[in-house]
Amino acid sequence: MHVSVSEENAEQQPAAHQVSAFLERRREQIAQRWADAALFRTVFTVSRDEAVEAGRAVAAALAAVAASGQLEDIRASGFEAVRDQLGRMAASRARTGTDPDGVAREVAALREPATELLRAEFEDPGDPRALDCVVALTVLMGTLRLVVLETTISAGEEVIARQREQLHEVATPVIKLWDSTVAVPLIGTLDSARSQVVMESLLDAIVTERARYAILDITGVPTVDSLVAQHLMKTVAAARLMGAECIVSGIRPAIAQTIVHLGIDLGTVLTRASLADALAYALSKQGVEIAPLRTADPAADAGAR
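All values reported here derive from a predicted model rather than from experimental measurement.

Draft legend 1. Broad picture of the pattern of salt bridges. Taken as a whole, this structure holds 14 salt bridges when the rule is applied. Here lysine 176 ties to aspartate 179 by a salt bridge, and the two come within 3.8 Å at their closest N and O atoms. Given the relative accessible area of 45%, lysine 176 is considered partly exposed. Shared partners join several salt bridges into a network, and the residues in it are Arg75, Glu80, Arg83 and Glu150.

Draft legend 2. Local environment of unusual backbone geometry. Positive phi, normally seen in glycine, also occurs at serine 180, with a value near 70°. At arginine 210, a position not held by glycine, the phi torsion is positive, near 50°. With respect to the element layout, arginine 210 can be found in the loop between helix 10 (192-209) and strand 3 (213-220).

Draft legend 3. Region of interest: the side chain of threonine 98. Take threonine 98: it is sitting in the loop between helix 6 (80-95) and helix 7 (100-108). With residues up to four places along the chain from it excluded, the contact list for threonine 98 reads Arg93, Val103 and Glu106.

Draft legend 4. Region of interest: the pairing of strand 3. Strand 3 sits mainly inside the fold: six of its eight residues count as buried. Relative to strand 3, strand 2 (residues 181-187) runs parallel, the two being bridged by six bridges. In the sheet register, valine 182 faces strand 3, and the bridge partner there is alanine 214. You can see the chain leave strand 2, run along helix 10 and come back into strand 3, and the turn it takes is right-handed. Where strand 3 meets strand 4 (residues 245-249), five bridges bridge the pair, whose relative direction is parallel.

Draft legend 5. Focus on the environment of threonine 96. Of note, threonine 96 is situated in the loop between helix 6 and helix 7. Residue threonine 96 is classed as exposed on the basis of its relative accessible area of 54%. Separated by 2.6 Å, the side chain of threonine 96 and the backbone oxygen of arginine 93 make a polar contact.

Draft legend 6. Representation of the sheet that holds strand 3. Taken together, five strands build an open sheet; the order of strands is 1-2-3-4-5 and the sheet is mixed. Whereas interior strands pair on both sides, the edge strands pair on one side only; in this sheet they are strand 1 (175-178) and strand 5 (270-272). With strand direction ignored, the average angle separating the axes of adjacent strands in the sheet is 30°. Here helix 10 sits on the sheet and contacts strand 1, strand 2 and strand 3; the angle it forms with strand 2, its principal contact strand, is near 165°.

Definitions and limits used
Residues numbered from 1 in each chain as written. Predicted model: local features only at pLDDT ≥ 70, side-chain atom pairs only at ≥ 80, totals over all residues. Heavy atoms only, no water. Salt bridge = Lys/Arg side-chain N within 4 Å of Asp/Glu carboxyl O. Buried < 20%, exposed > 50% of the residue type's maximum accessible area, 1.4 Å probe, protein only. Helix = DSSP H or I, 4+ residues; strand = E, 2+ residues; numbered from the N terminus. Contact = heavy atoms within 4.5 Å. Pairing = 2+ DSSP bridges. Right-handed = clockwise from strand over helix to strand, strands pointing away. Polar contact = N/O pair within 3.5 Å; in protein donor to acceptor, adjacent residues only side chain to side chain. Axes fitted to C-alpha atoms, helices over the stretch in contact; angles between N-to-C directions.

This is the structure we're talking about:
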């Protein structure tokens, strides 16, 4: 007879506990089979041993969850040991273009290899105890799929957040225009998150470049509301605290009218019409003079003589 648990003990044990004992006992065989499944094979491409080790960890976590009897609880403590690992696996599949449905199907495919091993534990597959254990394992694997889906969604949200942050950084470059002079050409709509990136990037550049003049050029900003104006004021104040004079350039007529209508006082902020004017001001404050190019017209040169 192939039953590993005695008849008397099996009668007394709930199906969940029997599944837990099975997972512990057959952990190595389950891990070996899972290592060839799509979810593990496509993530652990360098070494099959890594896939087997990951399979052992997941099987052990499932055994712990089954032992607790919390077969349907995605927050069961047993999952905590592998939640990070499942998250990394899900993120790896997402980076290769697999959508959450695809990941869910790959997790669902793990059930059959484990179920086959479980059925083999019983001499009679039709034994009610065998059926109860198969149902318990099926429920447990369904919960595992939900856990992986949750981590997949979380990983996707983290990727989106990182991409949004990177876009903010790319959209707010700090440029060194001259010795001790840096500029941030702003293009597009400013919101709280991007304004914070602007301030942090500018202050870092002031320190790195030892800048004495910082130019905020808003030529490419379509509108300015009270919130944006407040962020600009805060950025100017922060730059002053870092020892740099901040100049706001590119205030177009429509924006100037909006600022006036909103009653925003920019009297303490140094402004210039264009980025070129702001740069000229910063250079003049450093004693640098910009002279126009001499003409190459011979007749003009002769007339001058």
